[in-house]
Amino acid sequence: MAPLTRAKASSSRAATLLIQSDSDSENDSSASSDFDDEQGGGDYSEEEEEEEDKGVSGLGASEVREEPPKTTNKGPTPITISLKKVCKVCKGTGHAAGFRGATYIDCPKKPCYLCKMPGHTTMSCPHRVAMEHGVVPAPRRNTGTSLDYVFQRQIKPNIPMIKPAFVIPNQLSCGIIRFHSRRVTCLEFHPTKSGVLLSGDKKGQVGIWDYSKLHEKTVYKSIHSCLVNNIRFSSSNDGTVYASSSDGTISCTDLETGEPFFLLNLNPNGWNGPTTWRMLYGLDINQEKGLVLVADNFGCLYFLDARSKTKAGGPFLIHRKGTKIVGLHCNPVEPGLLLSCGNDHFARIWDIRHLEAGSSLYNLHHGRVVNSAYFSPRTGSKILTTSIDNRIRVWDSIFTNMETPSREIVHSHDFNRHLTPFRAEWDPKDPSESLAVIGRYISENYNGVALHPIDFIDTTSGKLVAEVIEPDITTISPVNKLHPRDDVLATGSSRSLFIWRPKPKQDAECMQEQSGRKSKEFIIGMGDKKSSGKDCIDSDDDSDFGSKGKKSKAKKHGKSDGSGKSKKSKGAC
């Protein structure tokens, strides 16, 4: 009888398996989606990817328990398994929030994810239906100062009274797949060679791609050891490029040889902990004085002499101590004016001749981290900023009252981690200084496919001028750059680069001649393959044809061998 008694005891202990909510497991699952607003590439939101529910067949989101039978024997501690849904936005149970395909499911305890206002969902947000909804024209400010007189006499005549038609590069012309081994972080066109594009990535590599010849590409892998945050060409030598990196160095690289010369190294003793490690983000060149201006993650600005390649001044504390300065831009008309932005929720205007803490000319307050701030490219009288609070702000004139922006445009760019920050940039060819380009974070449903378009926005009205999409590109395109002379748009999506041009206006005969010809061409780059384990986290959004990593469209593209020549090539870029 003893064996039978032991069998009954073991079965009773097995029945102590409880299926109930466990606070410890909820804390563990929610801890993985908590991000600090001031860490990494910017001010991050809660994680939005919805995990599939893992449960037992027949068990819903409600709590199910099986009580153990009463027994006098002292058995092991009961095992607890949590099957409840946990919302990754509010950390509550019983519901889930995030993307399901192209639809964003809002958390019932949080406001609209797009405009941050309560009372409606993201899919029914009025700002999503009409981007210009709620955008109020700037009030007329009759300040009557001497600066207004200067603006009216010298600058305003250069602005055309009739706004010309916008030219939108809305057709994919060519692309290079997996050009980088990590996500693209910045782009810059060559100042004299129209078909050359430079790009930097998260791994510290600098790539050169001649998209006019399509297959001529070079990647320099030994310049920096981590993120390349900005690239600028030398004002005196178009064969020299400056780059700022999160490894704390400023490199001056010869594009022919790829040999870098480091103008500044803020970490000569290597890694000594996060409290002392300095990273360099903002970068611009003052052509009038021949200075390279660079800013770090501690709120300081440095001057470097581009001619003698030595440090010329700094550090100057221009933002709150200990906060990251992510952007610098010198005024194109008056280079003595400097615009900076950072993680202290401010964009600030400075006179570089008088740099002292608290001596800024204007402090432009934002709701959250400011990803970018730019003067208008022709007159330098306007300012365009992008903030993580899903707002694009426009100031129509720096000569008037700047306490409040002229317009606030609601746009989706409050992003999750593993993405390069979104930045709205002016079209340098637009004489009216009103067209801006920026990628979109929230996906939209285009014939059953979830795509992330690239938006062209009229900053004078907040109107969405165009949505640039391509069914083959289902990844997000946070890095976008318009050519300063040609009607060309370059985008960085994951590890790949793409070139867009306007759709040609052709008559019926030309359409018949080119009906069987491809309108675009892709080649496969030499980026490293995705690795397993910890490196998969660093690879970020490395899927090239879709968010799930599907390569079903790859058969359409030409493939490059090791020499960089295409095995299959049709059409022209």
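For every chain, the first residue of the written sequence is number 1, and numbering continues from 1 onward in sequence order. Local features in this predicted model are restricted to residues of pLDDT 70 or higher, and side-chain atom pairs are both shown and tallied only at a pLDDT of 80 or more, whereas totals for entire chains, interfaces and linings draw on every residue. Each side-chain value is worked out from all heavy atoms of the structure, with water and hydrogens disregarded.

Novice: Got a minute to help me understand the overall build of the protein chain in this structure?
Specialist: Helix and strand definitions here come from DSSP, where helices need a minimum of 4 consecutive H or I residues and strands a minimum of 2 consecutive E residues; each element is numbered from the N-terminal end. Within the protein chain, the secondary structure is distributed over six helices and 35 strands. Residue burial is assigned from relative accessible area. The probe radius is 1.4 Å, only protein chains are included, and a residue is buried under 20% of its type maximum, exposed over 50%, and partly exposed in between. The buried share among the 573 residues of the protein chain stands at 50%. Residues are treated as being in contact if the distance between any of their heavy atoms lies within 4.5 Å. Relative to all contacts within the protein chain whose residues are 6 or more apart in sequence, the contacts with residues 24 or more apart total 56%. Entry remark: accessible area of the protein chain is about 27,800 Å², with carbon and sulfur atoms responsible for 51%. For accessible areas, the Shrake-Rupley method is used with a probe of radius 1.4 Å. Any residue's cover is judged against the shown protein chains and nothing else.

Novice: What should I look at first to understand the sheet that holds strand E19 (residues 337-342) in this one?
Specialist: As a general point, the strands of a sheet are linked pairwise by backbone hydrogen bonds and lie either parallel or antiparallel. Overall, antiparallel pairing links the four strands, which are arranged E18-E19-E20-E21 in an open sheet. Of all the strands in the sheet, the pair left with one neighbour each is strand E18 (325-330) and strand E21 (362-365). Going from strand to strand, the sheet's axes swing by 15° on average, the running direction of each strand aside. Two strands qualify as a pair provided DSSP detects at least 2 bridges between them. Judged from the five bridges that link them, E18 and E19 form a sheet pairing that is antiparallel. Residue pairing for E19: His-329 is matched across the bridge by Leu-339. Between N-to-C directions, angles span 0 to 180 degrees; the directions come from axes that are lines fitted to C-alpha atoms, helices contributing only their stretch in contact.

Novice: So what exactly am I meant to see when it comes to the sheet that holds strand E6 (residues 184-189) here?
Specialist: With antiparallel pairing, four strands are arranged side by side in an open sheet as E6-E7-E8-E9. The sheet is open, and its two edges are formed by E6 and strand E9 (216-220), each paired on a single side. In this sheet, adjacent strand axes meet at a mean angle of 20° when their direction is disregarded. With five bridges connecting them, strand E8 (residues 206-210) and E9 associate as antiparallel partners. Across the sheet, Val-206 pairs through a bridge with Tyr-220, a residue of E9.

Novice: Looking at this structure, I do not really get the confidence of the model for the protein chain. What am I missing?
Specialist: Detailed conclusions should not be drawn from predicted coordinates in areas where pLDDT is low. Confidence of the predictor at the level of single residues is captured by pLDDT, which takes values from 0 to 100. Looking at the protein chain, pLDDT values average 77 and 70% of them are 70 or higher. Per-element confidence in the protein chain is highest for strand E23 (residues 383-387), whose mean pLDDT is 97, and lowest for strand E1 (residues 18-19), whose mean pLDDT is 31. Confidence drops under a pLDDT of 50 for residues 1-67, and excluding neighbours within four residues, the segment shows 109 contacts in the predicted structure. Confidence over residues 529-573 falls short of pLDDT 50; this stretch has 81 contacts with residues more than four positions distant or in other chains.

Novice: I tried to follow the packing of aromatic side chains on my own but got confused; where do I start?
Specialist: What characterises a pair of aromatic rings is the spacing of the ring centres plus the angle enclosed by the ring planes. Pairing of aromatic side chains requires ring centres within 6.5 Å, counting the rings of Phe and Tyr and the six-membered ring of Trp. Pairs whose planes differ by under 30 degrees are stacked, by over 60 edge-to-face, and all others tilted. Inspection of every chain in the model, using the stated rule, returns six aromatic pairs. Both rings, one in Phe-422 and one in Tyr-441, keep their centres 6.5 Å apart while their planes meet at 75°; by these two values the pair is edge-to-face. One end of the pair, Phe-422, is in the loop between strand E25 (407-410) and strand E26 (425-426); the other, Tyr-441, is in the loop between strand E27 (435-439) and strand E28 (444-446), and 19 residues separate them in sequence. Comparing Phe-422 with Tyr-441, the two get one shared label, buried. When the ring centre of Tyr-113 is taken as origin, the NZ or CZ atom of Lys-116, which lies over that ring, is 4.3 Å away. Here Arg-278 stacks its cationic end above the ring of Phe-298, 4.4 Å away from the centre of that ring. Lysine and arginine charges are scored as sitting over a ring when NZ or CZ, respectively, is within 6 Å of the ring centre and within 35 degrees of the ring normal.

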